[in-house]
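Here is what each chain is made of, one letter per residue.
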Amino acid sequence: MYTTSSPTSRNCELRASCRHATPLRGGDSDVAGVGRKIARHFGSDRAAAPHRRPPRKLVNSLRSPPNSPEYSYKGIPMAPQLHPHDFTSEAKTLVAQLTVEEKAAFCSGKSFWKTEGCERLDLLPAAVSDGPVGLRKQAEGSDHLGLGGALPATCFPAGVNLGSTWDPSLVEEMAGALANECLAQDVSLILGPAINMKRSPLCGRNFEYFAEDPYLAGILTAAYVRGCQARGVGACVKHFAANNQEHGRMRVDTRVDERTLREIYLPAFERAVKEEQPWAIMSAYNQINGQFCSENSWLLDQVLRKTWGYKGFVVSDWGAVKDRVPGIVAGLDLEMPASGGINDRKV
């Protein structure tokens, strides 16, 4: 039996809420303003502006209800604001109409950057994209590794720069500008922010992370999620958890006691969940004390959902799923990218 706590239901609820968001109105003039504010933090008067403006078009998958009021942020027209209706009941209705095969299909992606959809129920696939330093959306049929380039977008300051500002209001404003670019490119979920602790200076992705301090990282993460999701674009907080090195990160076993986890490596995630409820949490590649994060029921169910009260869905890092069925049982809702139907049959 599928309930509102099932992965299929959570995915359908995401799409149901997207269908009733207000489409993009207003321009991208906020990007240059955010750039100027960030530049001032580092003693520069030079404004950071996009090298090319994103295309101005409405998001086809977002449908506005009649007479929807425009949303503004500090006097600047922004969009979209999520419809105030709770779509839990609609999600239940949609799930009840899915076949068993369709429910299983919703547990994995449709392609490298898109989730599954159901045309007969008018559930469109949702596009997701990197990343923590700006939108990195690639054209259909590209290499998916970034080698062939991406569609034009603003290169925003990296997490290390944002962390150095100690300014949550600025981070929130920047996340809003990033969300507007996502809407212009038909992206429903941005794969960021990345908020792991800077345990070692040798970590290859330290530039993406906010800080080595869990309190500061948590405050800035909540601001980022708030700024992004206020415009109807989901934030995917990553990498959950203790993914603090790049060398061998797809197989490494992080050995850490519970007190250290709860005092250093988990608090930033906890604050984001309790204060802002990000649409998605991304599970990490690594193991924690002998169990892969994508199959770790203590991490994904006991801590994340039962203790913190998380209501969103958990998505794997790309290619992080080792055994899909134990992952489902542990609380991993969505496997990315697509498995070609192999894991759907197992589910």
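Everything below is about the structure printed above this text.
The structure presented is a predicted model; accordingly, all values stated were derived computationally and were not measured.

(A) Region of interest: helix H3 (residues 88-97). Burial in H3 covers these residues: Ala91, Leu94 and Val95. Mapping the buried residues of H3 onto a view down its axis gives an arc of 100°, with all of them on the same face.

(B) View of unusual backbone geometry. In this structure, Ala241 follows Phe240 across a cis peptide bond, with omega equal to 5°. The topology assignment puts Ala241 in the loop between strand E5 (234-240) and strand E6 (253-254). Here the residue pair Met336 and Pro337 is connected by a cis peptide bond, since its omega of -5° sits within 30 degrees of zero. By the secondary structure assignment, Pro337 is in the loop between helix H11 (324-330) and helix H12 (342-346). Phi is positive for Trp166, close to 55°, though the residue is something other than glycine. If you trace the backbone, Trp166 turns up in the loop between helix H5 (159-165) and helix H6 (168-184). Even without being glycine, Gln277 reaches a positive phi, approximately 50°. Inspection of the secondary structure puts Gln277 in the loop between helix H9 (267-276) and strand E7 (280-283). In this structure Gln277 comes out as partly exposed when scored by relative accessible area, which is 27%.

(C) Broad picture of the pattern of salt bridges. All chains considered together, the criterion is met by 16 salt bridges. A salt bridge links Glu270 to Lys274; its shortest N-O distance comes to 2.7 Å. With Glu270 and Lys274 both in helix H9, this residue pair falls four residues apart, about one helical turn. Salt-bridge contacts for Glu275 lead to Arg271; the nearest nitrogen and oxygen are separated by 2.8 Å.

(D) Quick look at the pairing of E5. Taking burial as the measure, the seven residues of E5 include seven buried ones, the bulk of the element. The pairing of strand E4 (residues 189-191) with E5 spans two bridges and is classified as parallel. When the sheet's bridge partners are listed, Ile190 is paired in E5 with Ala235. Running through helix H7 (residues 214-229), the crossover from E4 to the neighbouring parallel element E5 is right-handed. Sheet topology places E5 next to E7; three bridges connect them, and they run parallel. From the neighbouring strand, Val237 faces E7, where its bridge partner is Ile281.

(E) Highlighting the sheet that holds strand E8 (residues 287-288). Strand order in the open sheet formed by three strands is E6-E8-E9, with mixed pairing between adjacent strands. Whereas interior strands pair on both sides, the edge strands pair on one side only; in this sheet they are E6 and strand E9 (291-292). Pairing analysis gives two bridges linking E6 to E8, with the strands arranged parallel. When the sheet's bridge partners are listed, Thr254 is paired in E8 with Ile288.

(F) Spotlight on the environment of Pro193. Structurally, Pro193 can be placed in the loop between E4 and H7. Given a relative accessible area of 2%, Pro193 falls into the buried group. For the pair Pro193 and Phe210, spaced 17 residues apart in sequence, the C-alpha to C-alpha distance is 8.8 Å. Beyond its immediate chain neighbours, meaning those up to four positions away, Pro193 contacts Phe210, Thr221, Tyr224, Val225, Cys236, Val237 and Lys238.

Definitions and cut-offs
Sequence order as written defines the numbering, with residues in each chain counted from 1. Two thresholds apply to this predicted model, a pLDDT of at least 70 for residue-level local features and 80 or more for giving and counting side-chain atom pairs, whereas whole-chain, interface and lining totals are computed over all residues. By convention in this description, side-chain values take in all heavy atoms of the structure and omit both hydrogens and water. Throughout this description, buried means an accessible area under 20% of the type-specific maximum (1.4 Å probe, protein chains only), exposed means over 50%, and partly exposed covers the range between. Comment: elements are numbered from the N terminus, with helices defined as DSSP H or I runs of at least four residues and strands as E runs of at least two. Arc, as used here, means the arc of the directions from the helix axis to the C-beta atoms. Every case where a carboxyl oxygen of Asp or Glu lies within 4 Å of a side-chain nitrogen of Lys or Arg is listed as a salt bridge. Each pair of strands is called paired provided DSSP finds at least two bridges between the two strands. Call a crossover right-handed when, viewed with both strands pointing away from you, the route from the first strand across the helix to the second goes clockwise. Contacts are assigned to residue pairs that have any heavy atoms within 4.5 Å of one another.

Bear in mind that shape data such as this cannot, by itself, settle questions of function.
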